[in-house]
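Reading the structure
Each chain is listed here by its residues.
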Amino acid sequence: MADVPKREVENVEFVFEVMGSPGEGIDAVDLGDALRALNLNPTLALIEKMGGTKKRNEKKIKLDEFLPIYSQVKKEKEQGCYEDFIECLKLYDKEENGTMLLAELQHALLALGENLDDEQVETLFADCMDPEDDEGMIPYSQFIQRLMSDPVVFD
């Protein structure tokens with residue numbers, strides 16, 4: 001049963017209980033959400049590589065199939081953490097005061113890395129963003145904290 005400690009297996013079982021159907025497992029389209037619920041941050045490419053699908057009801061993943069996936073994703077280096085994201089956004093902090101232009105954050109989310117679409121960025125901002133100030137600046141550390149503590153799920 002993969003190299004997953006007993007406590008983590010219990011957490012995985014709980015996620016399966018919430019997200020899946022007894023005996024059937026979880027839908028492969030929910031693989032990324034299940035991993036994120038277990039405090040991992042896989043990329044979309046990694047989710048696809050691990051068997052995630054883009055359409056519901058194409059495939060189910062049972063608990064015994066999920067545990068090796070969980071174990072492997074847990075070992076991945078390309079997940080990023082709070083400090084990594086803050087360092088990246090500091091590049092846009094011209095006054096070195098913990099703020100950046102909202103427009104620059106929006107551009108980065110739309111154009112860099114795993115691109116989001118306009119609707120996804122608007123959902124993200126509505127869920128995680130303080131209003132911008134009169135100069136169009138936002139405090140980026142609070143945005144990252146909210147984003148990482150309560151991941152936004154796109155339908």
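Residues numbered from 1 in each chain as written. Predicted model: local features only at pLDDT ≥ 70, side-chain atom pairs only at ≥ 80, totals over all residues. Heavy atoms only, no water.

Where helix α6 (residues 102–111) meets helix α7 (residues 118–128), the axes come as close as 10 Å, and the angle between the chain directions of the two elements is 130°. Between α6 and α7, the angle falls in the class oblique. For the crossing formed where α6 meets α7, the hand is right-handed. Contact with α6, carried on its side by Leu102, Leu105, Gln106, Leu109 and Leu110, involves Asp118, Val121, Glu122, Leu124 and Phe125 of α7 and no other residues of that element. (Axes fitted to C-alpha atoms, helices over the stretch in contact; angles between N-to-C directions. Helix = DSSP H or I, 4+ residues; strand = E, 2+ residues; numbered from the N terminus. Parallel < 35°, antiparallel > 145°, perpendicular 65-115°, else oblique. Left-handed = near helix turned anticlockwise from the far one by under 90°. Contact = heavy atoms within 4.5 Å.)

Among the nonpolar cores identified, the biggest contains 21 residues, and Leu31, Leu35, Phe66 and Tyr70 are the most heavily contacted of them. Mapped by element, the contributors of at least two residues to this core are α1 (6–19), α2 (31–37), α3 (44–49) and α4 (63–75). Apart from residues lying up to four places away in sequence, tyrosine 70 is in contact with Val4, Glu8, Val12, Leu35, Leu38 and Leu40. Grouped together as the second largest cluster of nonpolar side chains are 15 residues, Ile86, Leu105, Leu124 and Phe143 included. (Core = buried A, V, L, I, M, F, W, Y, C linked by side-chain atoms within 4.5 Å. Buried < 20%, exposed > 50% of the residue type's maximum accessible area, 1.4 Å probe, protein only.)

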